[in-house]
Each structure stands twice: as C-alpha cells, then as structure tokens.
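Fold and geometry: a report
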Amino acid sequence: MEGKKILLGVCGGIAAYKIATLVRLLVKAGAQVKVIMTPAAHQFITPLTLSTLSQQEVLTHFTRSDEKGEWNNHVHLALWADVLLIAPASANTIAKMVQGISDNLLLTVYLSARSKVMLAPAMDLDMWHHSSTQENITKLIAKGHHIIYPTSGELASGLSGAGRMEEPEKLFESIKEYFFADHPLHNVKVLLTAGPTQEPIDPVRFIGNRSSGKMGIAIANAMAAAGATVTLVHGPMDTLTLSKNVAKIPVATADEMYDAVFQHYGSSQITIMAAAVADYKIKQIANSKIKKQTDELTLELVKNKDILKSAGAQKQHGQLLIGFALETDNEQQHALEKLRHKNLDMIILNSLKDQGAGFGYDTNKISIIKANGAAVHHPLMSKVAVANEIVKSIIDLYQKKQ
C-alpha cells in the first residue's frame, strides 16, 4: 500500500466511529489518506480525530474555515485519489450519487472522480432493504462501483439484521484487494533468506563471509511489489531498506537460520534461498576471549546443517524452491550439480570472476538455470534490475505449475 492515495468520504451514521481504525490501518500500511466529511458526519466523529490519524487536514466545506477562506478544489481532490471509498455510505448519499446531486463537497468530488469508487453502506434494516435503496445500489454497480455489502448484526436502532457496516479490517482488505488483484503473486506466501551467517569462535570473534545481503533485499522488495506476502530470514546486515510488506526475522548463525526457515517453510509456496550460509561452525565455542599465547591456533570445525538440501528433501507438490550458487570455477557445471542434488526448481548462478558481481557490489551478473538445464544469461545490471529479472522468471515458473 506504500504511496497509494486513498480518499475517504465519511457520511453521517453511527458507524463513522470505525473510520478512525481504518485510517490508522491505511497509514500504517504506507498509504496517503485524505478525509472528506459530510456535515452530518460531524455528529458522530470529530474532524480532529481523523486529521490527527491521517496527518492531513479533514475537509468538509467548499471553502476553508480559516481566515484565507481558500477554495477546496474538488477537481484536484478527485484527480489525486487512486481510490475513493465512501464509508459509511448513508442512504441519503447513495440516492444523491445516483441522481447526480452535488450539494456538499463529498458529492462534488464524487462527480469529478476518475478513480475506482467503493462504497460501504450503513443504515438501519428497513432502509437497507427498501426497494429504493436496492434500486440505487443496482444502478451504482452498473456504473462500475464496488459495493462492500453490510453485514447482519445489532443495529443502532436496537433491531438486528442487515445494514451494519463492515468492520474496518474488512474495508482495509477490500482496498488492498483492489490494488493487488492484478498482481501475479497476490496472496502468495514467499519465504526468502538473505545475508551472511556468523559462527562464533569466542564471545568476540566469529567466522563469516563478505555477503552484504543487498541481492536478497532487492528480491524481497521485488516480490512484495508483485503482491507477495514475504517473510525474510536474514543474517547480520548493515542496512535494511525494506518494503512494509516484508516481515523480517533477524538471525546470526546457520542453526538459527535453519530453525527460522523451517518454522515457515511448510506454509510457503515459494522459497528463495539467497543467504550466504556458512558451511562450517566451530565445534567447541570458547566461553571467554581466546588470548594470543601461541604462534599457531587450530580451530576444529564441523559441518552446519544444509538448509537448502533439507528444504529440497521436504518440498511438497506445488512448492517452488530456488537456490543461489556463487562459484569461482566450472561455474555452470557446479550450479547444475547443486540444482539436481538439492531438488531445486531453479538456481541463480553468479561468478566471482565477473567484474562488478558478487559480494558488496550494487551490481550483479547472473545466469538463471531451470530444472531442465535451460539457462538464461543476463548482463551486468543493478541488483534491483537483477531482482526484477529473477522475480519475472519465478512468476513464469510458478504460474506454469498452478
């Protein structure tokens, strides 16, 4: 929802109090929110509440109430919005929308709107079921408007039945559905690993590698942009500029990464292992700092659990598993062996021989190799561009498997 522009129209009705929660949810998700209230709405919730939560001035009249008396430009407001949601939408406002009446700022903005229009009706039982209201709803649907139908429950009148406005969480999901309906990975759960692991030697030192995690972060953001629900398990990294749609789980060691991965692997439809996991760890970690006492020091290492191989062994029908291979020689041969040995659907290969690729750079040069051995070689590009190419290939493979 980052950067999405949501215009909320609030009509008079007891359900108006729920809009405070909706505004909070939208802002927390990264959306920009502006609120227009009808004069009747002021009786149920204050403009100050919605202004504080939206961090924007709440508009009610055609002109501002301050000394300048400036005009609230309904055309600019209408063109600004990606979505206009009217909630609660009263029977009165619904009727005026059908007839094209524009006797307040909200209705004038509505008549200028080019964005998607959504309505969440709220009224008493008999008003909702009245033939006039139902005819008006039918006409608004014919105009292409989306109706978030009221639910049944206890109403302000004391009656119980249809007419209760949907809860703010449902309204939020409806807006989100609109934006992500055309996204190829909408509602797909993606598990991603990124960054290095650090295997402690003593309380001060560790075995690590030069991975910055930049490639994994770029993939996480690209996956989120495609509509996926992303869980990122990451090792120690200096910066984490992530989409708000990415849930992050920080870990340090390979064992910690293993545990975190397999807490989520079973429910993930796509898993991408981009982390540079240490192959070995110290057999016996020192309890205190090792002092410089001898000319030589021998550290005994033992193998870490192979996260990628374990994931390949546990892979279920319909799951996609993508690995990475950073090689220094016989690159494609080693990548193919890894792909087949670990039961992967795709592997991303890059070589330390390629200038500008590998650890620490903002660029990368990759080959995308599928399970049948077919490879697509890409030139040196920014890691953001590389991430987009990887995600495109994953989407294509995922859709073919559905």
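A brief look at the structure comes next. All values reported here derive from a predicted model rather than from experimental measurement.

With respect to the packing of helix H1 (residues 19-28) against helix H2 (residues 47-54)
- Look at H1 against H2: their axes get within 9 Å of each other, and the N-to-C directions meet at 15°. Looking at the two axes, H1 sits roughly parallel to H2. Regarding H1 and H2, the two cross each other, and that crossing is right-handed. Residue-level contacts link Ile19, Ala20, Val23, Arg24 and Val27 of H1 to Thr49, Leu50, Leu53 and Ser54 of H2.
- Of the residues that constitute the contact of H1 with H2, the class distribution is six nonpolar, two polar and one charged.

Digging into the side chain of Thr108
- The residue Thr108 is located in helix H5 (residues 105-112) in this model.
- Here Thr108 falls in the buried class, since its relative accessible area comes to 11%.

Quick look at the nonpolar core
- Counting residues in each nonpolar core, the largest one holds 39 residues, and the members touching the most others are Leu185, Ile219, Met223, Ile270, Ile272, Ile390 and Ile394.
- Broken down by secondary-structure element, the contributors of at least two residues to this core are strand S8 (189-194), helix H9 (214-225), strand S11 (229-234), strand S13 (270-273), strand S16 (320-327), strand S17 (346-351) and helix H13 (383-401).
- In contact with Ile390, not counting residues within four places along its chain, are Met215, Ile219, Phe324, Ile348, Ile366 and Ile368.
- Formed by 34 residues, the second largest nonpolar core is a distinct cluster that contains Leu8, Leu26, Ala31 and Leu53.

A word on the packing of aromatic side chains
- Taken as a whole, this structure holds four aromatic pairs when the rule is applied.
- Seen from their ring centres, Tyr258 and Phe262 are 4.7 Å apart, and the 45° between their planes marks the pair as tilted. Residue Tyr258 and its partner Phe262 are located together in helix H10 (residues 254-264), separated by four residues, close to a single helical turn.
- An aromatic cluster is defined as three or more aromatic residues linked by ring pairs; in this entry it consists of Tyr258, Phe262 and Tyr265.
- Positioned above the aromatic ring of Trp80, the side-chain terminus of Lys34 is 4.5 Å from the ring centre.
- Here Lys305 stacks its cationic end above the ring of Tyr258, 4.6 Å away from the centre of that ring.

Let's talk about unusual backbone geometry
- Omega for the bond connecting Ala87 with Pro88 falls within 30 degrees of zero, at -10°, which places this linkage in the cis form.
- Looking at the element boundaries, Pro88 is found in strand S3 (residues 83-89).
- One non-glycine residue with positive phi stands out, namely Gln55, at about 60°.
- Residue position: Gln55 is located in the loop between H2 and helix H3 (74-80).
- Under the relative-accessibility criterion, Gln55 is labelled exposed at 65%.
- The phi dihedral of Asn343 is positive, around 60°, even though this residue is not glycine.
- Exposure remark for Asn343: the relative accessible area of 37% places this residue in the partly exposed category.

Observations concerning the pattern of salt bridges
- Scanning the model with the defined rule gives 13 salt bridges in all.
- The partner of Lys283 in a salt bridge is Glu300, with the nearest N and O atoms 3.4 Å apart. Of this pair, Lys283 sits in the loop between strand S14 (280-282) and strand S15 (301-303) while Glu300 sits in the loop between S14 and S15, and the two are 17 residues apart along the sequence.
- Put simply, Lys18, Arg164 and Glu167 are held in one network by salt bridges that share partners.

Here's the deal with the sheet that holds S8
- The eight strands are arranged S12-S11-S8-S13-S16-S17-S19-S20 in an open sheet whose pairing can be described as mixed. If you trace the sheet from one side to the other, it starts and ends with strand S12 (246-250) and strand S20 (375-377), each paired once. The average angle at which neighbouring strand axes cross in this sheet is 15°, direction not considered.
- Pairing geometry for strand S19 (residues 367-370) and S20, over three bridges, is antiparallel. Across the sheet, Ile368 pairs through a bridge with Val376, a residue of S20.
- This element, helix H11 (residues 307-314), spans S13 and S16 of the sheet and lies at about 155° to S16.
- Its contacts with the sheet put H13 on S13, S16, S17 and S19, and the angle it makes with S16 is roughly 145°.

Thoughts on helix H4 (residues 91-99)
- Every buried residue belonging to H4 is among Ala91, Thr93, Ile94, Lys96, Met97 and Val98, and all of these are buried.
- Along its buried surface, H4 packs onto S3, H5, strand S4 (116-121), helix H6 (125-129) and helix H7 (131-142).
- Gly100 sits one or two positions beyond H4 and adopts a positive phi of about 75°.

Analysis parameters
- Residues numbered from 1 in each chain as written.
- Predicted model: local features only at pLDDT ≥ 70, side-chain atom pairs only at ≥ 80, totals over all residues.
- Heavy atoms only, no water.
- Axes fitted to C-alpha atoms, helices over the stretch in contact; angles between N-to-C directions.
- Helix = DSSP H or I, 4+ residues; strand = E, 2+ residues; numbered from the N terminus.
- Parallel < 35°, antiparallel > 145°, perpendicular 65-115°, else oblique.
- Left-handed = near helix turned anticlockwise from the far one by under 90°.
- Contact = heavy atoms within 4.5 Å.
- Nonpolar A, V, L, I, M, F, W, Y, C, P; charged D, E, K, R; others polar.
- Buried < 20%, exposed > 50% of the residue type's maximum accessible area, 1.4 Å probe, protein only.
- Core = buried A, V, L, I, M, F, W, Y, C linked by side-chain atoms within 4.5 Å.
- Phe/Tyr/Trp six-rings, centres within 6.5 Å; stacked < 30°, edge-to-face > 60°.
- Lys NZ or Arg CZ within 6 Å of the ring centre and 35° of its normal.
- Salt bridge = Lys/Arg side-chain N within 4 Å of Asp/Glu carboxyl O.
- Pairing = 2+ DSSP bridges.

Scope: geometric values only; no functional claims are made or implied.
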